[in-house]
Amino acid sequence: MTSFHILTSGSEIQEFPVVRKIGFADLRDSLVEGFHDFLAMPSHLLFLALIYLVIGIFLFPTSSGQNALPLLFPLLAGYALIGPFAAIGLYEVSRRREQGLPHSSDYAFSVLRSPAMPSILAVGFTLMVIFLLWLATAQALYQSLFGVWAPQSWGHFLNQLFTTHAGHRLLAFGVGIGFVYAVIAFAIGAISFPLLLDQDVGAAVAILTSVKAVLKNPLVMAAWALIIAAALAAGMATFFVGLAIATPILGHATWHLYRRVVAPADSEARLSPAAG
C-alpha cells in the first residue's frame, strides 16, 4: 500500500477487480461476522458521540432562524449517505482482525494515514455533492408547491403535508426523487470505501466496481440496502441511541460483504476495461 493513486491505479493498463455473484446467505453471514467484530471490538461509545455530533450539525437549521422542516427527511437521510465514509475506521479494524493483525479500536484512526485517503476523500466528496443536490432539489420542490415561506410549526407542516393536494404531490415527488438520489448514492458507496482500503484502484475504478457489484447482484444488494435502511430507521427511532450499535455492526458487515463480492487483488481473473 505504498503507491495508491487518487482516480486510477498506478499501472499503465488499468485493471478492474473481479465482481462475484453473491446470494442472500452472504448477507446473513456478513452480518453475523460483523456482529462478532463488534463484540470483539465494541465501539458504540465512540459512535454515540459521533452520531450526536453529526445529527446536531444536520438538524441545527430546524431549531434556528432558518426553519428547515421541509428538509428534515433529506437531512436525516444524509446520515445514511455519509455512513459508508464515516465507517472507514471500522473497515480497517475488520481488515486487521481478518488478517490476524493487532486490531484494537485504536487502529480505527490509523486509516487516516493510509495512502488511499485522497481517493477515499474523493469518493466522500462525490457523496457529499449528491447529498447537497438532494437538499437543493427538496428545497426547490417545496418552494414550487408552497412558495418561499417556511412552515410556522411542526403542526402546520404536517397539516400541509397530509391534508392538502400540494402536500400529497410533495410526498409523491419527494419520495420518488429521494429514491433516485438514494439509489445513486448506494451504488457509488456500497463497496467503494473498503475496496479503496484493500486495493490500489483509485476512486474512479472503486466507484465503477461498486456500481458493477450492485448491477450484478441487484436483488441481493437491494436487500442489503433495505437492511441498512431498516437498521438505521430503528436506530433513529430510539432517539439515535440505537445507531451507536447499528452503525458499527453495519460497518463491520460491509467489510465482510465486500470480501465476498470482490475477488482478492492477487486474483488471476482481474479484468481490463476491454474485457468488461
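Fair warning: this is a prediction, and the values are worked out from it, not measured in the lab. (Residues numbered from 1 in each chain as written. Predicted model: local features only at pLDDT ≥ 70, side-chain atom pairs only at ≥ 80, totals over all residues. Heavy atoms only, no water.)

Visitor: Would you mind going over the pattern of salt bridges with me for this structure?
Guide: Side chains that differ in sign of charge can pair as their charged atoms come close. For the coordinates displayed, the defined rule picks out seven salt bridges. D26 is the partner of R260 in a salt bridge, and the nearest nitrogen-oxygen pair spans 3.4 Å. In this pair, R260 sits in helix α11 (residues 243-261) while D26 sits in helix α1 (residues 24-40), placing the two residues 234 residues apart along the sequence. In this structure, E98 engages R259 in a salt bridge whose closest nitrogen and oxygen atoms are separated by 2.9 Å. (Salt bridge = Lys/Arg side-chain N within 4 Å of Asp/Glu carboxyl O. Helix = DSSP H or I, 4+ residues; strand = E, 2+ residues; numbered from the N terminus.)

Visitor: What should I look at first to understand α1 in this one?
Guide: Because an α-helix packs 3.6 residues into every turn, residues spaced three or four apart end up facing the same way. Taking 1.5 Å per residue as the helical rise, α1 with its 17 residues ought to reach 24 Å, and the 25 Å between its terminal C-alpha atoms agrees with that figure. Inspection of α1 places L27, S30, G34, D37 and F38 among the buried residues, and these make up the whole buried set. Buried residues in α1, looked at end-on, bunch into an arc of 95°, giving them a common side. Residues of α1 that are exposed and point more than 90 degrees away from the buried face comprise R28 and L39. (Expected span 1.5 Å × (residues − 1). Buried < 20%, exposed > 50% of the residue type's maximum accessible area, 1.4 Å probe, protein only. Arc of directions from axis to C-beta.)

Visitor: Sorry, what's going on with the packing of aromatic side chains here?
Guide: Any pair of aromatic rings gets described here by the distance separating the centres and the angle formed by the planes. The final tally for this structure, using the stated rule, is five aromatic pairs. Pairwise contacts between aromatic rings join F73, W134 and Y181 into one cluster. (Phe/Tyr/Trp six-rings, centres within 6.5 Å; stacked < 30°, edge-to-face > 60°.)

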